[in-house]
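If you want the building blocks of each chain, they are given just below.
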Amino acid sequence: MSGSPTNGWVLKQGEAGYPSVLEDLPDPPPALYGFGDHALLGDGLAVIGARQATPYGLSCARRFARWTANRGIPVVSGAAIGCDLEAHRGALDADGPTVAVLGCGADVDYPLRAATVLASIRRCGVVVSEAPWGGPPTRWTFPRRNRLIAALSRAVLVVEASLPSGTFSTADHALDLGREVLAVPGSIFSPESRGPNRLIRQGATPITDVSDLAHELGEAWSAGPRTLPGTEDRLLACLTADPLRPDDAARVLGTDIVSLIRAIAALEARGWVTRYPDGRYGISVAYARLQSQHLDAEHT
Amino acid sequence: MTSDRGQATVATATLHGTEAVGVEVQVDVTNGLPLFAIVGLADAAVMEARERVRAAIRSTGYRFPNARIVVNLAPGPLRKHGTGFDLPIAIGILRATGQLDGVPEPRARAVGELALDGTVRSVPGILAHALAARTNAVPLLGPADSLDAASALPGLAYLPVRSLTDLPRARASSPVQRERLVSAGTGSPDLADIRGLGLARRALEIAAAGSHNLLLIGPPGAGKTMLARRLGSIMPPLDDEERLNAAVIHSVAGLDERHVLAGVRPFRAPHHSATIAGLVGGGVPLRPGEISLAHAGVLFLDELPEFGPACLQALRQPLEDGRVVLVRAEGRVRFPARFTLIAAANPCPCGYRGDPDRGCRCGESTVARYHARVGGPLMDRFDLVVHVDRMDPGHLLHYEAGESSATVRGRVCAARERAARAGLATPAVLTGQALLDACRLNSGALEAITFLGRAHHLSARGVTRLLKVARTVAHLAGEDRVTENHLHEAAMYRGEGFR
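Residues numbered from 1 in each chain as written. Chains lettered and ligands numbered in written order. Predicted model: local features only at pLDDT ≥ 70, side-chain atom pairs only at ≥ 80, totals over all residues. Heavy atoms only, no water.

Enquirer: Talk me through the packing of aromatic side chains; I want residue IDs and the actual numbers.
Expert: Considering all chains together, one arrives at seven aromatic pairs over all chains under this definition. Aromatic pair Trp-67 of chain A and Phe-451 of chain B: ring centres 6.3 Å apart, planes at 50 degrees, arrangement tilted. With one member in each of two chains, Trp-67 of chain A in helix H1 (residues 55-70) and Phe-451 of chain B in helix H19 (residues 443-455) form a pair that bridges those chains. Each member of the pair, Trp-67 of chain A together with Phe-451 of chain B, is buried. Ring plane angle 50 degrees and centroid distance 5.7 Å describe the contact between Phe-36 of chain B and Phe-64 of chain B, whose orientation is recorded as tilted. Here Phe-64 of chain B lies in the loop between helix H2 (49-59) and strand S4 (68-74) and Phe-36 of chain B lies in strand S3 (residues 35-39), a separation of 28 residues in the sequence. A single burial state applies to Phe-36 of chain B and to Phe-64 of chain B, both of which are buried. Pairwise contacts between aromatic rings join Tyr-33, Phe-35 and Trp-133 of chain A into one cluster. A cation over an aromatic ring shows up here: Arg-270 of chain A above the ring of Trp-272 of chain A, its NZ or CZ 5.2 Å from the ring centre. (Phe/Tyr/Trp six-rings, centres within 6.5 Å; stacked < 30°, edge-to-face > 60°. Helix = DSSP H or I, 4+ residues; strand = E, 2+ residues; numbered from the N terminus. Buried < 20%, exposed > 50% of the residue type's maximum accessible area, 1.4 Å probe, protein only. Lys NZ or Arg CZ within 6 Å of the ring centre and 35° of its normal.)

Enquirer: Any details on the sheet that holds strand S10 (residues 214-217) of chain B? Residues and values, ideally.
Expert: In a beta sheet, neighbouring strands pair by backbone hydrogen bonds and run either parallel or antiparallel. Residue and element names in this part refer to chain B. Strand order in the open sheet made by the five strands is S11-S14-S17-S10-S18, with parallel pairing throughout. Either end of the sheet is taken by a strand with one partner, and the two such strands are strand S11 (267-268) and strand S18 (384-387). The pairing of S11 with strand S14 (residues 298-301) spans two bridges and is parallel. In the strand pairing of S14, Phe-267 is matched with Val-298. (Pairing = 2+ DSSP bridges.)

Enquirer: Please set out helix H18 (residues 432-439) of chain B residue by residue, giving values where relevant.
Expert: Residues and elements named next belong to chain B. Buried residues of H18: Leu-435, Ala-438 and Cys-439, and no others. For H18, the arc enclosing every buried residue in end-on projection is 95 degrees, short of the 170-degree limit, so these residues lie on one face. For H18, the secondary structure elements touched by its buried residues are helix H20 (460-476). A positive phi of about 45 degrees marks Arg-440, the residue just after H18. (Arc of directions from axis to C-beta. Contact = heavy atoms within 4.5 Å.)

Enquirer: How would you explain the interface of chain A and chain B if you had to name every residue and give the values?
Expert: Bring the parts together and some accessible area is lost; that lost area is often taken as the interface size. Counting residues at the interface gives 29 residues for chain A, matched by 34 residues for chain B. Scanning the region where chain A abuts chain B turns up four salt bridges. The partner of Asp-209 of chain A in a salt bridge is Arg-454 of chain B, with the nearest N and O atoms 3.2 Å apart. On inspection of chain A and its partner chain B, the count reaches eight residue pairs in polar contact (both at pLDDT 80 or more). Of all the secondary structure elements, the ones that give two or more residues to the side of chain A that touches chain B are H1, helix H7 (210-220), helix H9 (246-253) and helix H10 (257-269) of chain A. Per-element tally for the side of chain A that touches chain B: the top contributor is H10 of chain A, with nine residues. Looking at the side of chain A that touches chain B residue by residue, the classes come out as 12 nonpolar, four polar and 13 charged. (Salt bridge = Lys/Arg side-chain N within 4 Å of Asp/Glu carboxyl O. Polar contact = N/O pair within 3.5 Å; in protein donor to acceptor, adjacent residues only side chain to side chain. Nonpolar A, V, L, I, M, F, W, Y, C, P; charged D, E, K, R; others polar.)

Enquirer: Account for the environment of Leu-446 of chain B, naming residues and giving values.
Expert: Residue placement: Leu-446 of chain B occurs in helix H19. With 38 residues separating them along the chain, Leu-446 of chain B and Glu-484 of chain B place their C-alpha atoms 8.1 Å apart.

Enquirer: So what's going on with the environment of Glu-130 of chain A? Residues and values would help.
Expert: Residues and elements named next belong to chain A. With respect to the element layout, Glu-130 can be found in the loop between strand S6 (126-129) and helix H4 (141-151). Here the alpha-carbon distance between Glu-130 and Ile-200, two residues 70 residues apart in the chain, equals 31 Å. Among the polar contacts made by the side chain of Glu-130, one reaches the side chain of Arg-147 at a distance of 2.9 Å.

Enquirer: Provide a residue-level description of unusual backbone geometry, including the pertinent values.
Expert: Residue and element names in this part refer to chain A. Each neighbour pair has its own omega, and for Tyr-110 with Pro-111 the value is -5 degrees, a cis peptide bond. Locating Pro-111 in the fold gives a position in the loop between strand S5 (98-101) and helix H3 (115-124). Backbone torsion omega between Leu-163 and Pro-164 reads -10 degrees, so that peptide bond is classified as cis. You can see Pro-164 is positioned in the loop between strand S7 (153-158) and helix H5 (166-176).

Shown next, in the form of structure tokens:
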């Protein structure tokens, strides 16, 4: 074991800052080693996929990760070659938060090809591991790492995975821990899509578009992502109560018309708000349905 | 009486579109049966010059020769129009009979209509004549009334004459004598009069900043016309080139060009009974239509679907090219027509579709036919489509008076300057790669385009429009990059037909 690197931190189980979500695990790690803002732990979307990914898997990973990170939601992945690295790159593209969970020491650049990405993440994201500083990558540390990815996320998005695979095991862990499992469907002839297709058959939510993801994230992150500033939240609440014209809404909320127009437009693009024939804006059918699902969930 | 025989030539010009084409008036006075003939493809107005010239010469104390007078207008094949030939013909006769000796300046072009008492009256297109005279570096002899207009052209020697009796004394007016035109203000009502209607006001501001065409849809009395009439008041004043071009068109059409020369943007609001010739130009001689009179300014088409379908479709090419080319047997004439189009329409024939308080009794097929009158290709030319809804009278009074035109114009000018500093053309005319380069999108904005395109089912052209409007929105916000926020706002003004 080497000495502790500068900027690195160690969180012991029971200490302040130790992510409480890890207590969901039957065997929580006694200590976490890492770099970056550990407040981001436990609040992300895991975007994971096969090492031997197809261009389809790579572009899905990058696209969904970038979109998620752009909304301020941390993208969690394992920094492995293939989909994982693409997911981190996507998040970095968007200047958004990302969390890399390693199977070796958090200060070790493994795989070597991930060195530059890992360096960026240590600088502006979080790199974390249960292995002590300088811990070497071994065959058995990676499956254990997968359960950490599942535990440290609110939902897991499987982009591509063959059967059986480490990625698929992460999804299994997520199900065990009661995390939402999302999967990107693929061709039935593609071995790399067999994992997500199987997950969908078993009840995972298929993600076919960013709007699907928006919908799912909207449910899992009801607190609201980064691009939903106060105006949009308050506007949505306002419009749920009573459809309003833009001018009336601006007056009620006390904002200027330009910010209000932008807020309405953002909500409209998301499909939550729609224009009524008389020029008022109100919540859409889709949003009303979403709300009623929330209410149902609270009642049961 | 031998002195009453002779020949003389006088330079003048006739209008061909907005151009004054040089014409030579040749006068021959000879012995023979008394006759006064004009040859050289002259139209009826020119033929009538004979009576005016005869009376004017006599009533100002000159002699009208009792001889055979033939006036030839060269070049022969060119059609000559208008009453501006009166003055040169009169000068020609006076010179041929030795009554004007070397005065006025022999090289000068002469243009003007004569009254029977010899007064020189102004004619349409004096600015076009003035431009041509300046280009050819010759002085222009013309009506004193037109001195104001001619003063707009520095470097032109203008010899104003009030009457035929002034001819021996005509000399270039010195700049000191020229009256300075008082700036007439913007001449259009102020935006501060409008309460509420924030979305539409904002769209108006964007239209002014980026020269985007704007369609306002709403029930009668919602304020569409009020808004449209105030577009000119938030646009920057005309620059020198625009001012001259627009003034020449006004001058050629025989309209008062002084407001335009003072920098006021033209605002044209033709009634929906307008004909194609009235709208895009036509007639004999060819006159500029409303779209050319609106050059550098605003063309407002109220009740858009009520215009003749052929008229509306005739707008498409000028909207694209910024000019209109009229092809007639006598040749091609090009009129500039780069205007900002603002149109207003009711949502349905009765006007109350979607109004919660008044029922609309229009059937679906009636409404569809009404919308089809405008047609997809023309709808595509509207970068901004905004619904102007009837305000709740109870709410109306809650709103404070809106921002004044001067405040909004300040922002519009700043946005235009920012675009100009970045070396960009007006966003409204950008396309393809140039538009993409101008937007300088980052990855977030690219995602937003994909997202918005899917969410709103935008066509390729729809995306282009989105980008153009977002480009202007960003300039208004003082930013060089188009971001997600700007794109979202732009999506609010997308046209999905009348919806």
